[in-house]
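Chain residues, written in single-letter form:
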Amino acid sequence: MAVGRRNWLFSGSFAAAERSAVVLSIIETCKLCGVDAEAYMADVTERIQNDWPASRWDELMPWNWVRREEMQLSLAA
């Protein structure tokens, strides 16, 4: 976080600094949950783009997130 604070000074605008804080918060939450942050953000972004229903957003939180490969394996079993 200390590095983040210094970098937010050079974000260019307050809105950009807020976005940086959100992204870093997501990354840290993924770390706490033992989730690969890059894979998580790529998968969640793709799911949202493909009309993921708003009523199921809780499934996309890092502590509930399941990779698609794992989801397909559990459905096959």
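Since we're looking at a predicted model, the values are computed, not measured. (Residues numbered from 1 in each chain as written. Predicted model: local features only at pLDDT ≥ 70, side-chain atom pairs only at ≥ 80, totals over all residues. Heavy atoms only, no water.)

1. Brief notes about the overall build of the protein chain
Moving on, step 1. When its secondary structure is counted, the protein chain shows 4 helices and 0 strands.
Moving on, step 2. Buried residues in the protein chain amount to 18% of all 77 residues.
Moving on, step 3. Summed over all atoms, the accessible surface of the protein chain reaches about 6000 Å², with 59% contributed by carbon and sulfur. (Helix = DSSP H or I, 4+ residues; strand = E, 2+ residues; numbered from the N terminus. Buried < 20%, exposed > 50% of the residue type's maximum accessible area, 1.4 Å probe, protein only. Areas by Shrake-Rupley, 256 points an atom, 1.4 Å probe, with all protein chains shown as cover.)

2. Here we look at helix α3 (residues 37-49)
One turn of the α-helix equals 3.6 residues, which is why residues spaced by three or four share an orientation.
Moving on, step 1. Between its first and last C-alpha atoms α3 spans 18 Å; for 13 residues at 1.5 Å apiece the expected length is 18 Å, and the two agree.
Moving on, step 2. Along α3, the positions that sit buried rather than exposed are Ala-37, Tyr-40, Asp-43, Val-44 and Arg-47. Down the axis of α3, the smallest arc covering the buried residues is 135°, so these residues share one side. Along α3, the residues that are exposed and aim more than 90 degrees away from the buried face are Glu-38 and Gln-49.
Moving on, step 3. Of the residues one or two after α3, Asp-51 is the one with positive phi, at around 65°. (Expected span 1.5 Å × (residues − 1). Arc of directions from axis to C-beta.)

3. Some thoughts on unusual backbone geometry
Moving on, step 1. With a phi angle near 65°, Asp-51 is a residue other than glycine that sits in the positive phi range.
Moving on, step 2. Counting through the fold element by element, Asp-51 comes out in the loop between α3 and α4 (68-76).
Moving on, step 3. Since its relative accessible area comes to 69%, Asp-51 is described here as exposed.

4. Structural notes on the nonpolar core
It is characteristic of soluble globular proteins that their nonpolar side chains tend to be buried jointly.
Moving on, step 1. Core analysis: the biggest nonpolar cluster contains 8 residues, these being Cys-30, Val-35, Ala-37, Tyr-40, Val-44, Trp-52, Leu-60 and Trp-65.
Moving on, step 2. With 3 residues, the top contributor of residues to this core is α3.
Moving on, step 3. Apart from the residues within four sequence positions on either side, Trp-65 is in contact with Val-35, Ala-39, Tyr-40, Asp-43, Val-44, Arg-47, Glu-59 and Leu-60. (Core = buried A, V, L, I, M, F, W, Y, C linked by side-chain atoms within 4.5 Å. Contact = heavy atoms within 4.5 Å.)

5. Quick word on the environment of Asp-43
Moving on, step 1. Tracing the sequence through the fold places Asp-43 in helix α3.
Moving on, step 2. Sequence separation between Asp-43 and Arg-68 is 25 residues; the distance between their C-alpha atoms is 8.1 Å.
Moving on, step 3. For Asp-43, the contacting residues outside a window of four places in its chain are Trp-65, Val-66 and Arg-68.

6. What about the pattern of salt bridges?
Moving on, step 1. Scanning all chains against the criterion turns up 3 salt bridges.
Moving on, step 2. Across the pair Arg-47 and Asp-43 runs a salt bridge whose closest N-O atoms are separated by 2.8 Å. Here Arg-47 and its partner Asp-43 are both found in helix α3, 4 residues apart, which amounts to about one turn of the helix.
Moving on, step 3. With relative accessibility at 3%, the residue Arg-47 sits in the buried group.
Moving on, step 4. For Arg-56, the salt bridge goes to Glu-59, with nearest N and O atoms at 3.0 Å.
Moving on, step 5. Judged by its relative accessible area of 33%, Arg-56 falls in the partly exposed class. (Salt bridge = Lys/Arg side-chain N within 4 Å of Asp/Glu carboxyl O.)

Geometry only, nothing functional implied.
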